[in-house]
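# Structure assessment
Okay, here's what each chain looks like letter by letter:
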Amino acid sequence: MIRKFFILIILLAFSIILTGIITEYVSPEALGTAASYYAEKGPGEMGATNLVTSVLITYRGLDTLGEVTVLFLVASILGFYLNVQKSNKNSTCSPLLHTASRLIFPFIFLTGIYIIINGHITPGGGFQGGAFIASAFLLVLLAGLGKDKSTGLFSILESLSGLVYVLVGLAGIIFAGGFLDTRILPLGESGKLLSAGAIPVISILIGIKVGAELSSMIVKLSYNGQGN
Amino acid sequence: MILFITLVLSLVIFTVALLAVSTKTLTTSVIAAGAVSLFASLLYVILRAPDVAMTEAAISSGLMTALFFIILSRIGRKNDD
């Protein structure tokens, strides 16, 4: 009784706070200082048609590097606690899933690669494409088609791509304006596949890293034997 | 029209979220939570944030749901309340 009373009070307090926020909210007429700078100068400076990607990878590149580092930490901790053991049980999935996932897997994988490569032109980018690739691997895993050796490849891939990402960022210090400046490569014609400096390169690296990390997390979580 | 779709989507999200909290079976709850993310990603597309919509659809709706099922099968609780 008293517990429900407290829950009611907390809900009431939340509703009061939220009503305050909703009624006080005024939609801003113009963009803020930083946002208007990105919107005006972004396409010309970085040469990317997709403004979100150019903000994420160039202007806020350090944040993206931090995100990727957090993901790497999570994957490392999971790998530390959950040693991958070979699952001896045979896959008990239905033949429907088994057949359909073999058919669908290449399409999901290709969509992920498309999203990664076209990150600077159309919506998407490394993170989204990497998540697509990881869900493709999840489908394969559910169907019992995965190989046990794949986690080693995943760790090598994610370490290498993270290293190259930092190296590209360091090259920005030497050849361009600063750390993670993507203007180390020619900007090219805006809207073309090979344009926007090093944004596609970093996008591909992030895609490989995120895809490998998420896939290895899923593999580690699902393959761990019951006896541990 | 856009306003109508947005309102219907919001109502659907609200209903499915209520279902996710109130249902007694864990599997229904997990699937309802995934459905909330799926409809939310549609809402993001209407709000002109396709990048966020992709992330939401792939991670929250796909990977998180699968992760919940993996964990549920590992701890061996399927139908407890």
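Residues numbered from 1 in each chain as written. Chains lettered and ligands numbered in written order. Predicted model: local features only at pLDDT ≥ 70, side-chain atom pairs only at ≥ 80, totals over all residues. Heavy atoms only, no water.

Moving on, we get to the nonpolar core. Across soluble globular proteins, nonpolar side chains show a tendency to be buried alongside one another. A:Y165, A:I202 and A:L214 are the most contacted members of the largest nonpolar core, which totals 34 residues. No other element matches helix 8 (residues 199–223) of chain A, which puts 11 residues into this core. Apart from the residues lying within four places of it in its own chain, the contact partners of A:L214 are A:A131, A:A134 and B:L63. (Core = buried A, V, L, I, M, F, W, Y, C linked by side-chain atoms within 4.5 Å. Buried < 20%, exposed > 50% of the residue type's maximum accessible area, 1.4 Å probe, protein only. Helix = DSSP H or I, 4+ residues; strand = E, 2+ residues; numbered from the N terminus. Contact = heavy atoms within 4.5 Å.)

Considering only enclosed or pocket space, the second largest pocket measures out at about 470 Å³ in volume. If you trace the second largest pocket, you find 21 residues lining it, with A:V52, A:L56, A:Q128, B:D51 and B:V52 closest to the centre. Residue assignment for the lining of the second largest pocket shows that the elements contributing at least two residues are helix 3 (51–59), helix 4 (61–81) and helix 6 (126–142) of chain A together with helix 3 (50–75) of chain B. Partitioned by chemical class, the residues of the lining of the second largest pocket number 10 nonpolar, 7 polar and 4 charged. (1 Å grid on protein atoms, 1.4 Å probe; cavity = no way out; pocket = protein on both sides within 12 Å on 5 of 7 lines; lining within 4 Å. Points joined across faces, edges and corners; volume = space filled by probe spheres on them. Nonpolar A, V, L, I, M, F, W, Y, C, P; charged D, E, K, R; others polar.)

With that out of the way, let us pick up the pattern of salt bridges. Residues and elements named next belong to chain A. Using the criterion set out here, one finds 1 salt bridge over all chains in the structure. We note a salt bridge from K209 to E213, for which the minimum N-O separation is 3.1 Å. In this pair, K209 and E213 both sit in helix 8, 4 residues apart, roughly one turn of the helix. Each member of the pair K209 and E213 is classed as buried. (Salt bridge = Lys/Arg side-chain N within 4 Å of Asp/Glu carboxyl O.)

Here we come to the environment of A:H120. Mapped onto the secondary structure, A:H120 falls in the loop between helix 5 (95–117) and helix 6. In this view, A:H120 contacts A:A48, A:T49, A:N50, A:T53, A:K192, A:L193, A:S195, A:A196, A:I199 and A:P200; residues no more than four positions away in its chain are not counted.

Our next topic: the interface of chain B and chain A. Contacts between the two partners involve 13 residues from chain B, matched on the other side by 19 residues from chain A. Summed over both sides, the interface between chain B and chain A buries roughly 1,400 Å², with carbon and sulfur atoms accounting for 73% of that surface. Sorting the residues of chain B by area buried against chain A places B:D51, B:L63 and B:R74 first, and these three jointly supply 43% of that buried surface. Joining chain B to chain A, the criterion identifies 3 residue pairs in polar contact (both at pLDDT 80 or more). Taken together, the residues that form the side of chain B that touches chain A break down as 9 nonpolar, 2 polar and 2 charged. (Buried area = accessible area lost by both parts, 1.4 Å probe. Polar contact = N/O pair within 3.5 Å; in protein donor to acceptor, adjacent residues only side chain to side chain.)

In the contact formed by helix 6 of chain A and helix 3 of chain B, the axes pass within 9 Å of each other and the chain directions differ by 25°. Taken together, the axes of helix 6 of chain A and helix 3 of chain B lie roughly parallel to each other. Between helix 6 of chain A and helix 3 of chain B lies a crossing whose hand is left-handed. Facing A:F127, A:Q128, A:A131, A:F132, A:A134, A:S135 and A:L138 of helix 6 of chain A, the residues of helix 3 of chain B in contact are B:D51, B:M54, B:T55, B:A58, B:I59, B:G62, B:L63 and B:A66. Tallied by class, residues from the contact of helix 6 of chain A with helix 3 of chain B come to 10 nonpolar, 4 polar and 1 charged. (Axes fitted to C-alpha atoms, helices over the stretch in contact; angles between N-to-C directions. Parallel < 35°, antiparallel > 145°, perpendicular 65-115°, else oblique. Left-handed = near helix turned anticlockwise from the far one by under 90°.)

All names here are of chain A. By secondary structure assignment, the location of K4 is in helix 1 (residues 2–24). On the accessibility criterion, K4 (65% relative accessible area) is exposed. In the structure, K4 is positioned 188 residues away from K192 in sequence and 60 Å away in space, judged by C-alpha atoms.

Turning our attention to the confidence of the model for chain A. Looking at chain A as a whole, the pLDDT averages 79, with 89% of positions reaching at least 70. Between the elements of chain A, mean pLDDT differs from a low of 76, seen in helix 2 (residues 33–46) of chain A, to a high of 90, seen in helix 1 of chain A. (pLDDT = per-residue confidence, 0-100.)

Helix-helix packing: each pair is described by the crossing angle between the helix axes and the interaxial distance. Residue and element names in this part refer to chain A. Contact geometry of helix 2 with helix 3 gives a least axis separation of 10 Å together with a crossing angle of 80°. Here helix 3 runs roughly perpendicular to helix 2, going by the angle between their axes. Between helix 2, through Y37, Y38, A39, K41, G42, P43, E45 and M46, and helix 3, the contact on the second element is made entirely by L51, S54, V55, T58 and Y59. In the contact of helix 2 with helix 3, the residues fall into 8 nonpolar, 3 polar and 2 charged.

Right, let's talk about the side chain of A:S203 for a bit. All names here are of chain A. Mapping S203 onto the fold places it in helix 8. For S203, a relative accessible area of 2% corresponds to the buried category. When neighbours within four sequence positions are excluded, S203 is seen to be in contact with I57, I116, G119, G125 and G126.

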